[in-house]
Structures are given as structure tokens and as C-alpha cells.
Amino acid sequence: MSNIVRDSDVIELDGPPVFNLGEKVKANRTVRNDGTYAGKEIGDILAKKGEVGYVVSIGTFLQQFYVYGVEFLETGHRVGMKCKELDSVDGDSGLDSRPLREGPPS
């Protein structure tokens, strides 16, 4: 019925968010517009690898992932990013210490 492809079997929503509101983070990869960022062409760079920003919102996607709204200082872009696209600048975000449950929710 649906052609949605999930990144993995990990259900992040079973635990707390990895990053907190106001936390200083950096992009660990270059992020381009996939067509969901208004006012930019598809393929335009929204955040460069290593660019620093702050988590300004936390939402969810597909009842599986947290999506972190990050405001980047250099460009002023506010971009929705997954945990795997970000690294904490403030210190340990708890990424390695948080257990993630694999498989569909029971």
C-alpha cells in the first residue's frame, strides 16, 4: 500500500531524544534541500558538514524517528535533521549510552 522506506528497524521514540532543546550541535554531513525547504531549489545546500547550530525544536517522523529542528548560525537556515546527521558540540549527548530497541513496536 505504501512505498515508504525506513532507514532501519530502530524505533528511536522508545527512548528520550538524544539532543536537548538549546543544545549546540554540528552537522556531520552536508545537507541539501530535498524539496521540502521553501524558497530554495532542490539540491541547494542547507547546512555544510561541520556547520554549528542549536536545537530549537524536537518533533517526530514516521512514528519512528526524532527530528531535530536546528538553526544554523552561519546560514540562518532552520533545518529538520535526524540524530545520525548531528553531533553534539556541548559534550556527550548520550548517544552511545542510550539503548535502542530494534524491530516494530509491540
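Note that residues are indexed from 1 along each chain, following the sequence as it is written. Totals for whole chains, interfaces and linings use all residues, but because this is a predicted model, local features are given only for residues with pLDDT of at least 70 and pairs of side-chain atoms are given and counted only at 80 or more. Working from all heavy atoms in the structure, the side-chain values ignore hydrogens and water.

What to know about the pattern of salt bridges
- What makes a salt bridge here is a side-chain nitrogen of Lys or Arg within 4 Å of a carboxyl oxygen of Asp or Glu, nothing more. Applying the stated criterion across every chain, the model contains two salt bridges.
- Across the salt bridge formed by Lys 48 and Glu 74, the nearest N and O atoms sit 3.8 Å from each other. Linking Lys 48 in the loop between strand S3 (45–47) and strand S4 (52–61) with Glu 74 in the loop between strand S5 (65–72) and strand S6 (78–81), this pair joins segments that are 26 residues apart in sequence.
- Partly exposed residues are those whose accessible area sits between 20% and 50% of the maximum for their type, while under 20% is buried and over 50% is exposed, using a 1.4 Å probe and protein chains only. Residue Lys 48 is classed as partly exposed on the basis of its relative accessible area of 45%.
- Judged by its relative accessible area of 59%, Glu 74 is exposed.
- For Arg 78, the salt bridge is made with Glu 71, and the minimal N-O distance between the two is 2.7 Å.
- The exposure class assigned to Glu 71 is partly exposed, which follows from its relative accessible area of 27%. The secondary structure listing takes helices from DSSP runs of H or I that are at least 4 residues long and strands from runs of E that are at least 2 residues long, numbered from the N terminus.

Examining the confidence of the model for the protein chain
- By definition, pLDDT measures how confident the predictor is in each residue, and it falls between 0 and 100. Per-residue pLDDT for the protein chain has a mean of 81; in total, 77% of the residues score no lower than 70.
- Under a pLDDT of 50 for its full length, residues 93–106 has, in the predicted model, 22 contacts with residues more than four places off or in other chains. Pairs of residues are marked as contacts when any of their non-hydrogen atoms sit within 4.5 Å.

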